[in-house]
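Here is what each chain is made of, one letter per residue.
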Amino acid sequence: MEKRTLVAIVLSFLVLVGYQYFFAPKQQKATSAPQQPAVQQKQQTGQGIEQNVQSFYTTHQHTLPEAVIHVQAPFYAAVLTPGNVAIKHWDLKDYKTALAPGSPSVDLIGDIKGVVYPMWESFDGSSFTMPSTIPYTCSALAVTVPSARATKTIVCSYTTHSLVLKKILTFYGNSYTATVSIELTNVSGTPLTERLGINWSGLSGELGSRYDIADGIMLINNSRDTIDAKSLNLSKSYDGLIQWFGTESRYFIQTVIPGEAEPAHLHATRTESTQHGLIPLLLTYIYNPKTVKPGDTSATTYTVFLGPKDMNVLNAAGHNLNRAIYFGWSDIIAKPIFYVLRFIDQFVHNYGWSIVLLTILIRIILFPLGQIGFKSMRQMQKLAPKINELKEKYKDDKERQYREMTNLYRTYKINPLGGCLPILLQIPIFIALYEVLLSAIELRQSPFIWWIKDLAVPDSIGTLHLMGFQIGLHVLPLVMGVTMFFQQMLMPTTGDQTQAKILLWVMPIMLTVLFWGFPAGLVLYWTVNNVFSIGQQYYILKKY
């Protein structure tokens, strides 16, 4: 029984570690278009896709003068490039990069040198040609949205002998969104075929740690899909109803929301080179072709959202952007836990204490299950002498030994697996909690008490410099290790006492090392969970 319990506990943490390394970055995968339609797409657009990839690489080698466009809004400050009117910077005013006073705001675009900035148009496959960098002339180089109810518009235009192209950008004071209208007027004497492509670029990979992954993201055919640049064989095509697409990180998303709900084509392309370990990724949304008659104007409108993965913000933005919040395969369990955590915090106003109360609530719900497990282990402990007698008596007859032990369990009405199954059944709940506490933006830079200033990172009281290494000094993992030690002391043992003593020290040390670099919110949950388990085990020992 003790060996089974040990296996159950070890399996729990192997699942945790293995899940984080092998499964956490991977999310629901929508079915991508087969390779043949992708080849047909190239034939329809001539060398369209190849041209997009080429301009993705080379646009910044032919940059225009840096007469950038500045946008100030209540929630963000943006900088746009005059060429392509793409987004160079998008700073979120309410989110800082660090807790230190004077820390800069989070820039959702960042530095992607050598690769074109996101939100640019291409017309590959059209009956006319456009330069890879469209030199727009804009109505203003600076706008300010003064209040939540206000809006501001910039009109940028580019003219050739056959057409007038306008890019109209509208910024809002009450959201993280902006709308973009592309108007193409045919001033020639013959019809024009327009095949508009919206291009969004970003970086894919680990943003400083394996806990913060940047990837492409989309909602296609009502299914959430993640595009990992590492898994791309340089390019991949998707066909279907694409409700939105863009890039995401642990706490933020940058998306394009097409204005027309119709089946379309999305092409994902990555570069062969990397930037500081990150892979530049280009997502091109290709509209269906339009014919623009002489004197007519074609208009296409889409929306961009660059903001936090905050449920309230995403719900207000609409377009099913709340689907961007996803907790992996445990989502069906994690979402209710997430909502309960947010509900508790409405009254507590401290996510540290909210985690404590949530942990206690979950343990109360699981109390009967834990009670069965601990009671079974306690009964097995009392039955251990009789089991050992049977093992010794029938050591040369394994079949008789098994039969006699089965009769013994039946006589005393004990399920030998009763102590293991409750532990294994709690693993999905633990994984769901792990995902919530790891990914919820509500915990980002959220303080608890005393030295714990940010629940989303390891708690720290300093750094130890030892033999050229820098080791963070964390208090919560040590507290957690101590609680685990006392929990192991109260754990009923049914086998070899030497093995039990080894387990008494190995488990706390192993878990302390495992949790050393975990975010404080996760360690806080496990510490409170241990304290509750100690109380429950003590109660069982006294009662039985």
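These numbers come from a predicted model, not from an experiment. (Residues numbered from 1 in each chain as written. Predicted model: local features only at pLDDT ≥ 70, side-chain atom pairs only at ≥ 80, totals over all residues. Heavy atoms only, no water.)

**Student:** I would appreciate a short explanation of the pairing of strand β8 (residues 151-159) in the present structure.
**Tutor:** Looking down a regular strand, the side chains alternate between one sheet face and the other. Here strand β6 (residues 137-138) pairs with β8 via two bridges, running antiparallel. Within the sheet, the bridge partner assigned to C138 lies in β8 and is C156. Where β8 lies against strand β9 (residues 163-172), nine bridges are found, and the strand directions are antiparallel. Its bridge partner lying in β9, T159 is registered against V164. Hairpin connection from β8 to β9: three residues lie between these consecutive antiparallel strands. (Pairing = 2+ DSSP bridges. Helix = DSSP H or I, 4+ residues; strand = E, 2+ residues; numbered from the N terminus.)

**Student:** How do you make sense of a nonpolar patch on the surface when you look at a structure like this?
**Tutor:** On the surface, a cluster of nonpolar side chains totalling about 710 Å² of accessible area is made up of I461, L464, L466, M467, F469, I471 and L473. Within the residue set of the nonpolar patch, elements represented by two or more residues are β22 (463-466) and β23 (469-472). With relative accessibility at 38%, the residue L464 sits in the partly exposed group. (Patch = residues over 30% accessible without salt bridge, like charges linked within 9 Å, V, L, I, M, F, W, Y side chains within 5 Å. Areas by Shrake-Rupley, 256 points an atom, 1.4 Å probe, with all protein chains shown as cover. Salt bridge = Lys/Arg side-chain N within 4 Å of Asp/Glu carboxyl O. Buried < 20%, exposed > 50% of the residue type's maximum accessible area, 1.4 Å probe, protein only.)

**Student:** Would you mind going over the pattern of salt bridges with me for this structure?
**Tutor:** Where charged atoms from two side chains of opposite charge approach closely, those side chains can pair. Summed over all chains, the structure comprises six salt bridges. Residue D331 pairs with K335 through a salt bridge whose shortest N-O separation is 3.4 Å. In this pair, D331 and K335 are both assigned in helix α5 (residues 331-348), four residues apart and thus about one turn of the helix distant. K335 carries the same exposure label as D331, and that label is buried. Three or more residues are tied together by salt bridges with common partners; here these are R224, E248 and K309.

**Student:** Teacher, can you tell me more about the confidence of the model for the protein chain here?
**Tutor:** Caution applies to low-pLDDT parts of the model: their predicted coordinates are not meant to be read in detail. With 80% of its residues at a pLDDT of 70 or more, the protein chain shows a mean pLDDT of 80. Low pLDDT, under 50, characterises residues 1-8; the predicted model gives this stretch 24 contacts beyond four residues in sequence or across chains. The model gives residues 19-51 a pLDDT under 50, and that stretch makes 58 contacts with residues more than four places away or in other chains. (pLDDT = per-residue confidence, 0-100. Contact = heavy atoms within 4.5 Å.)

**Student:** What is the right way to look at the sheet that holds strand β4 (residues 105-107) in this model?
**Tutor:** The strands making up a sheet associate through backbone hydrogen bonding, with each pair oriented either parallel or antiparallel. Overall, mixed pairing links the five strands, which are arranged β4-β3-β2-β1-β7 in an open sheet. The sheet terminates laterally at β4 and β7 (142-144), the two strands that pair on one side only. Strand after strand, the sheet turns through a mean of 15 degrees between neighbouring axes, direction not considered. (Axes fitted to C-alpha atoms, helices over the stretch in contact; angles between N-to-C directions.)

**Student:** Help me understand the environment of V145 in this model?
**Tutor:** Locating V145 in the fold gives a position in the loop between β7 and β8. On a C-alpha basis, the gap between V145 and F171 in space is 7.2 Å, while along the polypeptide they are 26 residues apart. For V145, the contacting residues outside a window of four places in its chain are Q72, A73, P74, A150, T151, K152, F171, Y172 and G173.

**Student:** How should the packing of α5 against helix α10 (residues 427-439) be read in this particular structure?
**Tutor:** The packing of two helices is summarised by the inter-axis angle and the distance between the axes. Direction vectors running N to C along α5 and α10 enclose 55 degrees, while the axes themselves pass 9 Å from each other. When the axes of α5 and α10 are compared, the pair comes out oblique. The chirality of how α5 crosses α10 is right-handed. Residues I333, A334, I337, F338 and L341 of α5 form the contact with α10, whose own contacting residues are P428, I429, A432, L433, V436 and L437. Class assignment of the residues belonging to the contact of α5 with α10 gives a composition of eleven nonpolar, no polar and no charged. (Parallel < 35°, antiparallel > 145°, perpendicular 65-115°, else oblique. Left-handed = near helix turned anticlockwise from the far one by under 90°. Nonpolar A, V, L, I, M, F, W, Y, C, P; charged D, E, K, R; others polar.)

**Student:** I would appreciate a short explanation of helix α6 (residues 351-365) in the present structure.
**Tutor:** Because an α-helix completes one turn every 3.6 residues, residues spaced three or four positions apart along the sequence face the same direction. For α6, spanning 15 residues, the distance from its first C-alpha to its last is 21 Å, which sits close to the expected 21 Å at 1.5 Å a residue. Of the residues making up α6, those classed as buried are Y351, G352, S354, I355, V356, L358, T359, I362 and R363. The opening residue of α6, the one whose side-chain oxygen lies 2.8 Å from the backbone nitrogen of G352, is N350. (Expected span 1.5 Å × (residues − 1). Polar contact = N/O pair within 3.5 Å; in protein donor to acceptor, adjacent residues only side chain to side chain.)

**Student:** Teacher, can you tell me more about the packing of aromatic side chains here?
**Tutor:** Given two aromatic rings, their pairing is described by the distance between the two centres and the angle made by the two planes. One pass over the full model with this rule turns up 18 aromatic pairs. Their ring planes at 85 degrees and their centres at 5.6 Å tell us that Y95 and F252 sit as a pair that is edge-to-face. Here F252 lies in strand β17 (residues 252-258) and Y95 lies in strand β3 (residues 87-96), a separation of 157 residues in the sequence. With respect to burial, Y95 and F252 carry one shared label: buried. Taking 5.1 Å as the distance between ring centres and 70 degrees as the angle between the ring planes, the aromatic pair formed by F343 and F347 counts as edge-to-face. Note that F343 and F347 are positioned in helix α5 at a spacing of four residues, about one turn of the helix. Grouped by ring-pair contacts, the aromatic residues Y434, F515, F518, Y525 and W526 constitute a single cluster. (Phe/Tyr/Trp six-rings, centres within 6.5 Å; stacked < 30°, edge-to-face > 60°.)

**Student:** Can you help me understand the packing of α5 against α6 in this one?
**Tutor:** Interaxial distance between α5 and α6 falls to 9 Å at its minimum, and their mutual angle equals 125 degrees. Relative to α6, the element α5 is oriented oblique. For the crossing formed where α5 meets α6, the hand is right-handed. Mapping the contact onto sequence places I337, V340, L341, R342, I344, D345 and V348 in α5 and Y351, W353, S354, I355, L357, L358 and L361 in α6. By residue class, the composition of the contact of α5 with α6 is eleven nonpolar, one polar and two charged.

**Student:** Would you explain helix α8 (residues 398-411) in this entry?
**Tutor:** Here α8 is 14 residues long and its end C-alpha atoms lie 20 Å apart, about the 20 Å a rise of 1.5 Å per residue gives. Of the positions making up α8, those classed as buried are Q401, M405, L408 and Y409. The buried residues of α8 occupy one face: seen down the axis, they fall within an arc of 95 degrees. Of the exposed residues in α8, the ones pointing more than 90 degrees away from its buried face are E399, R410 and T411. Count one or two residues on from α8 and you reach K413, which has phi positive near 55 degrees. (Arc of directions from axis to C-beta.)

**Student:** Sorry, what's going on with the nonpolar core here?
**Tutor:** Soluble globular proteins tend to bury their nonpolar side chains together. Membership of the largest hydrophobic core comes to 118 residues, with the highest contact counts inside it found for W90 and F171. A total of nine residues in this core trace back to one element, the largest contributor, which is α10. Setting aside residues up to four positions removed in sequence, W90 forms contacts with Y76, A77, A78, V106, D107, L108, I109, Y176, A178 and L306. Counting nine residues, the second-largest nonpolar core is a separate cluster that includes M380, I387, L390 and L408. (Core = buried A, V, L, I, M, F, W, Y, C linked by side-chain atoms within 4.5 Å.)

**Student:** Quick question: what am I supposed to make of the side chain of R444 here?
**Tutor:** Mapped onto the elements of the fold, R444 is located in the loop between α10 and β22. Buried charge R444 goes without a salt bridge, the closest partner of opposite sign being D454 at 6.7 Å. R444 has contacts with Y95, K96, T97, V106, Y251, F252, D454 and A456, leaving out every residue within four places of it along the chain. (Lys, Arg positive; Asp, Glu negative; His and termini not counted.)

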